[in-house]
Each structure stands twice: as structure tokens, then as C-alpha cells.
Amino acid sequence: MTNDPLLQPFQLKHLTLRNRLMMTAHEPAYPEGGMPTELYRAYHVERARAGIGLTMTAGSAAVARDSPPVFNNILAYKDEVVPWMRELTDACHEHGTAVMIQLTHLGRRTRWDKGDWLPAVSPSHRREASHRAFPKQAEDWDIERLIRDYADAAERMHAAGLDGIELQAYGHLMDQFWSPLTNTLDAPYGGNLDNRLRFTFEVLRAIRQRVGNEFIVGVRYTGDEMLEGGLNASDGMEISQRLKDSGLIDFLNVVRGHIDTDPGLTDVIPIQGMPSAPHLEFAGEIRRKVDFPTFHGAKIQDVATARYAISSGAVDMIGMTRAHMADPHIVRKIVEGREEEIRPCVGANYCLDRIYQGGAAYCIHNAATGRETSMPHSIPKAVQLRRVVIVGAGPAGLEAARVAGERGHDVLVLEASSDAGGQVRLTAQSERRREMMGIIDWRLARCEALGVEIRYNVWAEAEDVLAEKPDVVIVATGGYPMDEQPAIGSQLVVNTWDVFSGHVTPGQKVLLFDDAGDHAAMQAAEIIAATGAELEIMTPDRTFAADIMAMNLVPYMRSLQRPNVTFTPTYRLKSVEQDGDALLARITSDYAPQDQLELDQQRRIDQVVVNYGITPMADIYFDLKPHASNGGEVNYDDLIVGRPQSVVRHPEGGFQLFRIGDAVESRNTHAAIYDALRLVKDI
């Protein structure tokens, strides 16, 4: 028995939840053909096995064909979903974890050119900014059909043996009926609050007729849209009380804000650099006044915050969804007194941003999440122990060292700098991205616990590595900013690293040319803009920061909404030359007709900052290649399926040689860590 508030059971009607931690509904986009197949099941079972009390599956499982998913959602309108959901539920139940699913109709929050190309439907014709479809205004027969669709989907989930369902009511169809901003219907479904809630209560009554009174039903909803003319906190409190008084639901799951724009979505689900648990007190106020089981989750990224949420009585169940993507074993580590070993969520939001761009959810620094059928969360011991030398202590090198240490190998890391971290340490100098250092700090702590030796201030040469008599050498030296660009005048420019490392002071009139579209340019832009300098951000692309996904871009754009900042897409820096005490930048465009290429524009400024991306720093790798048994070669077929590398090009070679991360090519932190995990887990 324990007194830890997080480990206390919670009684929800007839269902006993074994602790107060849950995964809130989210769609990691792992289904196949809209079905939660093997990977989807393995993802949830991994967290169930570790002890989580409740896993809420399928953010936005679609109840109808005219709610086509804008990413890879579960299709709850298909009968074939039932056996798949039963398999998932049974597998989680075997480990004592309750399972629910979130059902929804997206309403206007979709596109007409998805799925079956049916028109989007909503209580008004007003388009949602994010997904851009102009919906048809719901007719009487639409409403009758939609009520049946919700009830049909609920009945399927009941038949699949789930413990309950949750209806999504923020930003989706149900909330579109609630909000005066998105409901222009006449009575009986539009007008006053009674009418705007009518659709919801008719759906709930239809569901109860199908599933009975014992099946658990809840609603996840916004208690305050935080939009002028929208639902306010007083409305939210009234709706909360009416939901309770209806006797049709068993819990409330409270959020705050709106999700119809990228900034709105980012405020509802905050990312790094934004306050933790920003809506917890609001949810707690509803919990206290309505006195009804209340769930909540929004950037609850650490155990201390979750524990406070429960111990203070703010809520009954607390969601740690992104945190469980970073570390699926949080509950087990709490129970075993190993909280210091929990891999931290750093709020990078790589997971959600990928989903909203049509990709599967991956954690920026846990490459096993979303790959549970092929990548291990727990690293097995090696049968044959080896001497592993790693060059570089950035995210790739430290992950390689951690995994090799978990395998039981004798591991040495050689790092040229006086500190570990590589580009992550550099990027974390930004106040807003400081949480990124959690990626490094966690690995350093694990390496220390595993007995990994790290030697700093060692600029390793080939002979230094050979002197260690390694069995395996992994080059993880990263890269450096691409230089000698532009072709004319490269000696007159500075790079973005110079700016955000503090080595170069921003000028008064600055042209920032971004040819890479990544965080480096935006971080430098923030610093330059904050000085009051006149800043022009230019890119040859048709969009800014093309590699920074939607929610991560929001804080940058907020900080750059200044009169001293202008944005110039589709233009390219051609050359830079000295012009007295200033610089003259010549500008061209990839879009210009051939006969106009000489009609260049010019900028007279005092500083040009450039971002052309990263060049691999891999000299030591090429120096070591002749000495390696595999000559640096990787068998991709073996790598992908998880077989040990067995390439032999030089039988006389004394060790295997590999390179990973940006030492291979410029990618991102997740790619570097995935490189390391999938290679070293089989060494």
C-alpha cells in the first residue's frame, strides 16, 4: 500500500481505476485502413503493462462517413472495427488497465476532399481556418442521421467490451452546435443555449438507449472558448452543470480554449517554452463547483505536477499523454521508487505536429514510441560483451552510449567540447527551447548509472580511437553550418549559429536568408527582432520555416509580429558585396522567368545572416574506414528488421565502424536518436 495520491484507486460508477494516471484521447495515426491493428494495440499495451490506470484510445474516432479524418483516425462507423477494438481492450485488461475511446464527428474541422468526398457539415457555413472547408449548414435530416451515427458507434464500442466512451466537444461538431460563433441555425437547434445544447442531449439519450445505463459515458469539452463572442467561462460552468444534471454522463473532461487556428490549438495543448498545466486551475474550479468526476490533461509533463493535480483535489484523473509517449513506464517507475529514471517529455511536440501534417506520432527522443512492434522500450542484455567507442556526445552519440551501456558493453565516449549536447545544447540557449536539454541531461544520467565513460575536450583522431582497441566504433560527430554560401560574398555573411550562440551581435538593419527552413533561422530571427533591429526574413520557399511544423511555429510567429520585421517568400540571396560601410545583397527568384533573371533586386543593409543547413563533420569516419572490417558499410535489410550487422569487407579489420545522426546527413534530433537505437540495440 502507498500514500502516493497518484497511486490511489478511483471509483467511477462500477469501474475501479487502479490509479489516477491516464492517457487522454489522442490519435497517434497508427491505424491501418482505419482499424487499430497490431502496432496500435502494441502501443497501448506497452503503457498498460507498465501500470497506467486508464488509456483513452482514438482521439477523434469518426462516427460517420461525412466526418472524414484529416489524419489517420479510427473509423468507428465501420462494423469491422469491433473485433480490432476487442483485441486491444482484452490485451489491456489483462494488465489491469481500463480502456475507453473518444468518439466524434468533426463537423467543419475536416476537408471535403478526404474520404468519400462528401461535403463537410456544421451548424453554419462558416469555415474553420485550419482545415479550410466551407461546410454545408446541417439540415433536419442531417441531424437525425448524425444522432443515429453517434449511437451506432457507441453500440459498436459497447459490443467490443470497452469500459466506456468519451464524446469530443471542443472544436468538433458537438461544440460547433454549442458555440454562438459556429451555430447560425434557427430553433430548435440554434438560438439560445437550450437550443444549442439540444443536439448533444439527443445524442446522449440515443446512446443510452443503445448501451444502457451501466456503460460509462463522458464528454471532453471546452469550458471557455476564450474567443470574443464565443462560449465564456460562465457558459462553460452552466454547460458543466447541465451535463451533470442530465444523468446521462459519468464524467467531465475539461479543457479551455479553441482549436480552429494553429495559435488556438497551441494554447489548448501548450508546447515547450509555454507554461505547464495552464488550464489545471480552471478545471479544478469546475470540479469544485459542479462536484462531479472530472478529468483533465494539458501539458502535465512531470510527476510532481500530476501529483499536485490529484492531491489538491483539482481533478480526479490526470492525463499525462505526451509524457507517456516519452516514457511509457512512468507508473512502474513511480511504484518502484525510480522517478529519477523517467525519461522527461521536453514539450518539443514532434508527436502532435507530425500528426497534424499527416504523419505518425513519434516522440522526439524516444524512438521506440510508435514502433513498439520493432523497437524495444527496454533494452535487452547482449550475449557477447564488446568494447564500444563513440565519437561525439550529442543526442546521437549519447543515445548510442546509453543503449550500448544497457546492453552491458564497455563504452567510451570521446567528446571534443567541454560539455555534452552538441546542437541540442546550442539550441537550448534559447529561453523558449531550454527544455530541450532534458534530452541530454536524461541520457547523461543514464550513462553515469550504466558506467559509461565520457572524456571531454578530446578532439579525437583516428589513432586515438585505434589506441582504445575497440570492437565497435560509432561516429556521431554531427555537423556544422554549411559555409561558402552564397557563392559570391560568403566571407561577408554570418550564420545563424553565430547569432544564437552569442558570438555575433545583431546589426541594425539585417537580412536573414533561410535556405534550410528549420529552427536555426527562427531562433536567430527572434534574437535579432528583440533588439529592435530592422529585420527582413527571406526564403526561396513559398512558405516560411517549411521544416518547422504548425504548433512549433506558433511561438516564433508570435514573437515576430513586430513592425520592425518583414517576411519575403520566394526570393533567393544571390550575392553579397561590400558597399562602403554597408553591404549590398543582390536578390533573385527561382520563380522569375528566364529572360528576367538579370533584373535582380538589391538590399543595402549592415548584416547578412544565413542558414543553409548542416554539413556532416565526418573526417574521422573516413580516416577509420580502411581499418574497419565492414569498411563503414551498413546492411540496410538487417538494420530494418533488427538483425546484427555482419558485413565484412576487410577481414583483416579489427572493428566494425558506423556513423549516425548528422555525421551522415543533416536531419533532426529524432532521426539521430532513431539511428542510434536501431543500430546499437543489436550490437
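Just so you know, these numbers come straight off a predicted model, no measurement behind them. (Residues numbered from 1 in each chain as written. Predicted model: local features only at pLDDT ≥ 70, side-chain atom pairs only at ≥ 80, totals over all residues. Heavy atoms only, no water.)

Engineer: So what's going on with the overall build of the protein? Residues and values would help.
Structural biologist: Broken down by element type, the protein carries 22 helices and 27 strands. In terms of overall size, the protein behaves like a compact globule, its C-alpha atoms giving a radius of gyration of 27 Å where 683 residues would be expected to give roughly 26 Å. A principal-axis box enclosing the C-alpha atoms of the protein has dimensions of 75 × 65 × 45 Å. For the protein, buried positions account for 61% of its 683 residues. (Helix = DSSP H or I, 4+ residues; strand = E, 2+ residues; numbered from the N terminus. Rg over C-alpha atoms; globule rule 2.2 N^0.38 Å. Buried < 20%, exposed > 50% of the residue type's maximum accessible area, 1.4 Å probe, protein only.)

Engineer: Please give an account of the side chain of Arg433 that cites residues and values.
Structural biologist: By the secondary structure assignment, Arg433 is in the loop between α14 (422-427) and α15 (437-449). For Arg433, which is buried and forms no salt bridge, the nearest opposite charge comes from Glu526, at a distance of 7.7 Å. Those residues in contact with Arg433 that lie beyond four places of it in its chain are Gln272, Thr427, Ala428, His519, Gln523 and Tyr556. (Lys, Arg positive; Asp, Glu negative; His and termini not counted. Salt bridge = Lys/Arg side-chain N within 4 Å of Asp/Glu carboxyl O. Contact = heavy atoms within 4.5 Å.)

Engineer: Got a sec to walk through the packing of aromatic side chains? Specific residues and values, please.
Structural biologist: Scanning the entire structure with this criterion turns up 11 aromatic pairs. Look at Phe177 and Tyr189: their rings are 6.4 Å apart centre to centre, the planes differ by 70°, and that puts the pair in the edge-to-face class. Of this pair, Phe177 sits in helix α4 (residues 173-178) while Tyr189 sits in the loop between α4 and α5 (193-211); the two residues are 12 residues apart in sequence, bridging distant segments of the chain. Here the two residues Phe177 and Tyr189 agree in accessibility, since each one is buried. With a centroid separation of 4.4 Å and 15° between ring planes, the pair formed by Phe251 and Phe295 is classed as stacked. Of this pair, Phe251 sits in strand β10 (residues 251-255) while Phe295 is found in strand β11 (residues 294-296), placing the two residues 44 residues apart along the sequence. An identical accessibility class is assigned to Phe251 and Phe295; each is buried. (Phe/Tyr/Trp six-rings, centres within 6.5 Å; stacked < 30°, edge-to-face > 60°.)

Engineer: Pulling in residues and values, what's your account of the pairing of strand β21 (residues 565-569)?
Structural biologist: Relative to β21, strand β20 (residues 534-539) is paired through 5 bridges, and the arrangement is parallel. Its bridge partner lying in β21, Glu536 is registered against Thr566. Running through helix α19 (residues 550-559), the crossover from β20 to the neighbouring parallel element β21 is right-handed. (Pairing = 2+ DSSP bridges. Right-handed = clockwise from strand over helix to strand, strands pointing away.)

Engineer: I'd love a proper account of a nonpolar patch on the surface, names of residues and values included.
Structural biologist: Judged by side-chain polarity, Tyr636, Ile640 and Val641 come together as a nonpolar surface patch covering roughly 360 Å² of accessible area. Along the chain, Tyr636 falls in helix α21 (residues 636-641). (Patch = residues over 30% accessible without salt bridge, like charges linked within 9 Å, V, L, I, M, F, W, Y side chains within 5 Å. Areas by Shrake-Rupley, 256 points an atom, 1.4 Å probe, with all protein chains shown as cover.)

Engineer: Mind laying out the sheet that holds β20, listing which residues take part and the relevant values?
Structural biologist: The 5 strands lie next to each other as β18-β25-β19-β20-β21, forming an open sheet whose pairing is parallel. Across the chains shown, the open sheet's two edge strands, defined by having one partner strand only, are β18 (494-495) and β21. By the bridge criterion, 2 bridges tie β18 to strand β25 (residues 607-611) in an arrangement that is parallel. When the sheet's bridge partners are listed, Val494 is paired in β25 with Val609. Contacts from helix α18 (residues 519-530) reach β19 (509-514), β20, β21 and β25, with the element oriented near 170° to β19. (Axes fitted to C-alpha atoms, helices over the stretch in contact; angles between N-to-C directions.)

Engineer: With reference to specific residues and values, describe the nonpolar core.
Structural biologist: Grouped together as the largest cluster of nonpolar side chains are 158 residues, with contacts concentrated most on Leu103, Ile165, Trp178, Phe199, Leu243, Ile318 and Ile474. Taken domain by domain, the makeup of this core includes at least three residues from each of domain 1 (5-358) and domain 2 (387-478 + 617-681). Leaving out residues up to four positions away in the same chain, Phe199 has contacts with Ile143, Leu146, Ile147, Tyr150, Leu173, Phe177 and Tyr189. Leu512, Met522, Ala524 and Leu560 belong to the second-largest nonpolar core, a separate cluster that totals 27 residues. (Core = buried A, V, L, I, M, F, W, Y, C linked by side-chain atoms within 4.5 Å. Domains from an automatic or database assignment.)

Engineer: Just give me the short version of unusual backbone geometry, but keep the residues and values in it.
Structural biologist: Between Ala187 and the following residue, Pro188, the backbone shows a cis peptide bond with an omega angle of 15°. With respect to the helices and strands, the residue Pro188 is situated in the loop between α4 and α5. Here Met226, not a glycine, exhibits a phi torsion of approximately 55°, which is positive. Here Met226 is to be found in the loop between β9 (216-222) and α6 (233-245). Within the chain, Ala277 stands out as a residue other than glycine whose phi angle is a positive 45°. The residue Ala277 is located in the loop between α7 (262-268) and α8 (280-290) in this model.

Engineer: Can you break down the packing of helix α1 (residues 38-49) against helix α2 (residues 81-93) residue by residue, with the values?
Structural biologist: Where α1 contacts α2, the axes come no closer than 9 Å and their chain directions differ by 20°. Judged on the interaxial angle alone, α2 and α1 are roughly parallel. For α1 against α2, the interelement crossing comes out right-handed. Mapping the contact onto sequence places Tyr40, Arg41, His44, Val45 and Ala48 in α1 and Trp84, Glu87, Leu88, Ala91 and Cys92 in α2. Across the contact of α1 with α2, the residue classes tally to 7 nonpolar, 1 polar and 2 charged. (Parallel < 35°, antiparallel > 145°, perpendicular 65-115°, else oblique. Left-handed = near helix turned anticlockwise from the far one by under 90°. Nonpolar A, V, L, I, M, F, W, Y, C, P; charged D, E, K, R; others polar.)

Engineer: Any details on the domain arrangement of the protein? Residues and values, ideally.
Structural biologist: Partitioning the protein into domains gives domain 1 (5-358), domain 2 (387-478 + 617-681) and domain 3 (490-615). Here the C-alpha centroids of domain 2 and domain 3 sit 33 Å apart. At the junction of the two partners, domain 2 supplies 11 residues and domain 3 supplies 10 residues. In terms of surface lost to domain 3, no three residues of domain 2 exceed Leu426, Arg432 and Arg433, which account for 52% of the buried area on that side. Counting across the interface, domain 2 meets domain 3 through 1 salt bridge. Joining domain 2 to domain 3, the criterion identifies 5 residue pairs in polar contact (both at pLDDT 80 or more). (Buried area = accessible area lost by both parts, 1.4 Å probe. Polar contact = N/O pair within 3.5 Å; in protein donor to acceptor, adjacent residues only side chain to side chain.)

Engineer: Tell me about the pattern of salt bridges, and name the residues and values.
Structural biologist: Tallying each qualifying case throughout the model produces 50 salt bridges. For Arg41, the salt bridge goes to Glu87, with nearest N and O atoms at 3.2 Å. Within this pair, whereas Arg41 is found in helix α1, its partner Glu87 is found in helix α2, the two being separated by 46 residues in sequence. Judged by relative accessible area, Glu87 falls into the partly exposed class, the value being 40%. One salt bridge connects Lys289 with Glu285, and the closest N-O pair in it is separated by 3.1 Å.

Engineer: Any chance you could break down the packing of α2 against helix α3 (residues 140-159) for me, citing the residues and the numbers?
Structural biologist: Axis separation between α2 and α3 bottoms out at 8 Å; the angle between their running directions is 45°. Taken as axis vectors, α2 and α3 run oblique relative to one another. Helix-helix and strand crossings are classified by hand; for α2 and α3 the assignment is right-handed. Between α2, through Val81, Val82, Met85 and Arg86, and α3, the contact on the second element is made entirely by Arg156, Met157 and Ala159. Here the residues of the contact of α2 with α3 sort into 5 nonpolar, no polar and 2 charged.

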